[in-house]
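One letter stands for each residue in the lines below.
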Amino acid sequence: MNNDQFIIKAESLTKVYKMGREEIHAVADVSVNIEKGKFYSFVGPSGSGKSTLLNLLGVLDSPSRGRLTIFEEEIYNGGKKRNLSQGTLTAIRRKYFGFVFQNFYLLPTLTVSENISLPLLFLKKKTEPGQILNVLQKLGLEGRGRHLPSQLSGGEMQRVAIGRALVANPQIIIADEPTGNLDSKNAAMVFEVFKKLSQEGITVLTATHDVQLAQTCSDKIIRLKDGKIVEGEAGIC
Amino acid sequence: MNFFRLAYKNLLRRKIRTVLTIQGIAIAIFVLFSLLSFQEGYQKSLTQEMEEMGINILAVPKGCPYEAASLIVHGGVIPKYLDEKDLASVSKIDGIELATPIFLSQIYEPEQERTSIIYGIKAQDYVKLKPGWKLNGEYFNDNDTASIVIGNEVAYQEKFSVGDEVYFPTVGKVYKVTGVLARTGGQDDGFYFLPLAEAQRIFDKIGKITAVAIKIKDLSKVGEISKTLEEIPDIQVVTMAQVLGTILNLVGSARTLIFSVVVIALIIGTLGIVNTMFVTIYERKKEIGIFKAIGAGNFDIIKLIIIETLIIAILGGVEGSILSFVGGRLVEGFVRSAIPYAPKRMMFTFRFSTFFIAIAYSIIIGVIAAIFPSLKASSVSPLETIRKEE
């Protein structure tokens, strides 16, 4: 496979937490390349390192060792950590990523439209006419723009959260256990949305317990155990 | 969506807490606004009242001149007297346009629980010191023993008009009201005016006077004339400017004390906001982490917290100012009962400049209160708050 197709290249990423004298390798020597426009699911039991790996790939956290490149921009240089400031990491996240969380984290006093438009406020981007409506339509939420989160179902709230992640046109969506608080029907709906997004060229990375769901929708499945890749992406794809 | 809207909606999430925090600032600003309004109004009213007196100098018995003069102006009785012969000595002095005697006393009627303030005057002379007086009826002559002129407030309260009779049980005398003064807005509205000789007689103080009211030809010579007057034995001189100054000094001291209270109230109000914001930030740590994850920078978080704090502070300032404006009459009633030498005119002056000063203080409080909480909020890492719930 052509190296240029990979938008994220992670080499020997390791994250070590020190608990007193003990060292816990949350992620141990993981190498993975992410292809543009694909839907990846990272699966594994609790404590396998899925979330930690996603946090590293999404530049929410910095590795103890390893190398990370995003769109050919070197973020962490193996062995020598580039001491990127929080401001720089924030700028990188703003440039490439949208995030979806397990608990939605919608603001209860903002309407659906206002919640979706929040990233534009922080990115200092003007809301184009029809922009929010487009997002609502894409996610099957037209007519819900003025509703409050309390008036939505779990699945609808998660779609609003996805809309918030999408509104600034990111190239990569990172979703950590996005279906953790949803029933199976809504979970499947959310994964269908991710599938559609990846078909539109957005790269989607999710962490999930639900292997069956991952197998139904994802382009690639990467299994982790004890911080290491055990299947699917044993090496560089 | 803008920062102001986001901040405002965040505050709506804890309505009661927000409202209570606003009250803390509102109370402090209410006191500040009231004090500033009172200070200006009091000084203005008092100065106006003094100027309308028409009297430039009061010659009073030796003792406590400033207090005596103030009491005389406001109808209080002093226990010392001058002799009428002192009047002749005063009138001789060069530069004096008019010197007229005043006798002041009170009649207390226990059954009605009423104190009537009696001013004994030589009407034809005294009126020259009161260019603002307008009389419905006519003045009495100096040797009249049966006539009385009353102030407008007295006429209103006691329902007297020209031709009515006023009976003082304590002195066992009836007087016919020959004139009622039009409203002056000053202390004169509350007095009864009798011919000097008659007042001296009913209080058994024949030949005694409380003070000599003096009008001089040239105000620039007030110092020189005062010096000459003080050479007369038993006389002490008080200029109206001195009286005004003394009263304002007294009130100024009280004002300093009240300002100290206001400062403490403002500090407490500020600490209240700081506490509320710290608690809010602690509760919203996850949310702030999410904001950072979805693109907010440190400055965005600082800006958001500052705006939230400013909204609380400014709303508190506006509420406090409105409360002061609406409750001004009530506060004035309380202040009038509490302070000496309160002028009759309204003491509270409401100006937009005072309102803007109050709002400016609110903004300053808001900014100060926001500094630490906003810095604390901006230090929240997106990662430490993103924890899956297992």
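Residues numbered from 1 in each chain as written. Chains lettered and ligands numbered in written order. Predicted model: local features only at pLDDT ≥ 70, side-chain atom pairs only at ≥ 80, totals over all residues.

Peer 1: Any chance you could explain the overall build of chain B here in plain terms?
Peer 2: Along the backbone of chain B there are 14 helices and 12 strands. Out of the 390 residues in chain B, the part that is buried amounts to 41%. Taking the contacts inside chain B whose residues are at least 6 apart along the sequence as the reference set, 83% of them involve residues at least 24 apart. (Helix = DSSP H or I, 4+ residues; strand = E, 2+ residues; numbered from the N terminus. Buried ≥ 20, exposed ≤ 12 C-beta atoms within 10 Å, placed from the backbone. Contact = placed C-beta atoms within 7 Å.)

Peer 1: Sorry if this is basic, but what is going on with the pairing of strand β11 (residues 211-216) of chain B here?
Peer 2: Taken residue by residue, a regular strand's side chains alternate between the two faces of the sheet. Residue and element names in this part refer to chain B. With respect to burial, β11 is a largely interior element, five of its six residues being buried. By the bridge criterion, three bridges tie strand β1 (residues 57-61) to β11 in an arrangement that is antiparallel. What sits directly across from Ala59, in β11, is Val212. When strand β3 (residues 96-109) meets β11, the two strands line up antiparallel, connected through six bridges. Bridge assignment links Pro101 to a residue of β11, and that residue is Val212. (Pairing = 2+ DSSP bridges.)

Peer 1: What exactly am I supposed to notice about the interface of chain A and chain B here?
Peer 2: Interfaces are often sized by the accessible area lost when the parts come together. Across the boundary between the two partners, chain A contributes 28 residues, which contact 25 residues of chain B. Listing elements by their share of the side of chain A that touches chain B, those giving two or more residues are α1 (50-57), α2 (86-96) and α3 (112-122) of chain A. Here the side of chain A that touches chain B gets six residues from one element, more than from any other, and that element is α3 of chain A. For the side of chain A that touches chain B, a count of residues per class yields 12 nonpolar, nine polar and seven charged. (Nonpolar A, V, L, I, M, F, W, Y, C, P; charged D, E, K, R; others polar.)

Peer 1: It is not clear to me how unusual backbone geometry should be interpreted in this structure. Could you clarify?
Peer 2: Only a minority of non-glycine residues have a phi that is not negative, and only a minority of peptide bonds are not trans. All names here are of chain A. One non-glycine residue, Tyr105, adopts positive backbone phi at about 55 degrees. By the element assignment, Tyr105 lies in the loop between β6 (97-100) and α3. Residue Asn169 is not a glycine yet carries a positive backbone phi of 55 degrees. Tracing the chain through its elements places Asn169 in the loop between α5 (154-166) and β7 (172-176). Overall, the presence of 9 C-beta atoms within 10 Å leaves Asn169 in the exposed class.

Peer 1: Sorry if this is basic, but what is going on with helix α13 (residues 352-378) of chain B here?
Peer 2: Residue pairs three or four apart in sequence face the same way in an α-helix, which turns once every 3.6 residues. All names here are of chain B. With 27 residues, α13 ought to run about 39 Å at 1.5 Å a step, and its terminal C-alpha atoms sit 37 Å apart, in line with that. When the local axis directions of α13 are compared, the greatest deviation, roughly 40 degrees, occurs at Ile371, which is followed within four positions by the proline Pro373. Of all the residues in α13, the buried ones are Thr354, Ala358, Tyr361, Ser362, Ile365, Gly366, Ala369, Ala370, Pro373, Ser374, Ala377 and Ser378. (Expected span 1.5 Å × (residues − 1). Bend = angle between axes of the 7 residues up to and from the residue.)

Peer 1: Is there a simple way to explain the environment of Arg67 of chain A in this structure?
Peer 2: Checked against the element boundaries, Arg67 of chain A lands in strand β4 (residues 65-70). The spatial distance from the C-alpha of Arg67 of chain A to the C-alpha of Glu11 of chain A is 5.0 Å, given a sequence separation of 56 residues.

Peer 1: Got a minute to help me understand the packing of helix α11 (residues 298-326) of chain B against α13 of chain B in this structure?
Peer 2: A pair of packed helices is characterised by two quantities: the angle between their axes and the separation of those axes. Residue and element names in this part refer to chain B. Relative to each other, α11 and α13 sit at 150 degrees, their axes nearing to 7 Å. Judged by the inter-axis angle, α11 sits roughly antiparallel to α13. In terms of crossing hand, the pair formed by α11 and α13 is right-handed. Here the contact of α11 with α13 is composed, by residue class, of 19 nonpolar, 10 polar and no charged. (Axes fitted to C-alpha atoms, helices over the stretch in contact; angles between N-to-C directions. Parallel < 35°, antiparallel > 145°, perpendicular 65-115°, else oblique. Left-handed = near helix turned anticlockwise from the far one by under 90°.)

Peer 1: Sorry, what's going on with the nonpolar core here?
Peer 2: One broad trend across soluble globular proteins is that nonpolar side chains are buried collectively. By size, the foremost hydrophobic cluster in this structure holds 109 residues, and its most contacted members are Ala161, Ile173, Phe194 and Val204 of chain A together with Ile25, Ile29 and Leu32 of chain B. For this core, the leading source of residues is helix α2 (residues 15-52) of chain B, giving 10 residues. Here Ile173 of chain A is in contact with Gly98, Val100, Ala165, Leu197, Ile202 and Val204 of chain A, once residues within four sequence places are set aside. Core analysis: the second largest hydrophobic core is formed by 45 residues, Phe103, Leu104, Val154 and Leu194 of chain B among them. (Core = buried A, V, L, I, M, F, W, Y, C linked by C-beta atoms within 7 Å.)

Peer 1: I'm lost on the packing of α3 of chain A against α5 of chain A in this one. Help?
Peer 2: Residue and element names in this part refer to chain A. Contact pair α3 / α5: the axes reach a minimum separation of 7 Å and the direction vectors enclose 35 degrees. For the pair α3 and α5, the crossing hand works out as right-handed. Only Val160, Gly163 and Arg164 of α5 make contact with α3, whose side of the interface consists of Val112, Asn115, Ile116, Leu118 and Pro119. A class-by-class count of the residues in the contact of α3 with α5 yields five nonpolar, two polar and one charged.

Peer 1: Is there a simple way to explain the confidence of the model for chain A in this structure?
Peer 2: Residue and element names in this part refer to chain A. Confidence in the prediction of chain A, expressed as mean pLDDT, is 86, and 92% of residues score 70 or more. When pLDDT is averaged over each helix and strand of chain A, the minimum, 83, is found for strand β10 (residues 228-231) and the maximum, 94, for strand β8 (residues 203-208). Counting interchain partners and residues more than four positions distant, the pLDDT-below-50 stretch residues 233-237 has eight contacts. (pLDDT = per-residue confidence, 0-100.)

Peer 1: Any chance you could explain helix α10 (residues 285-293) of chain B here in plain terms?
Peer 2: Among the residues of α10 of chain B, Ile288, Gly289, Ile290, Phe291, Lys292 and Ala293 of chain B are the ones counted as buried. Two residues or fewer past α10 of chain B, Gly295 of chain B is found with a positive phi of approximately 125 degrees.

Peer 1: Looking at this model, I keep getting lost on the sheet that holds β4 of chain A. Mind explaining?
Peer 2: Strand pairing within a sheet occurs via backbone hydrogen bonds; the two strands may be parallel or antiparallel. Residues and elements named next belong to chain A. Here we have four strands laid out as an open sheet, ordered β2-β1-β4-β5, and antiparallel in their pairing. Every other strand in the sheet has two partners, leaving β2 (22-35) and β5 (73-76) as the edge strands with one partner each. The average undirected angle you get between the axes of adjacent strands in this sheet is 20 degrees.

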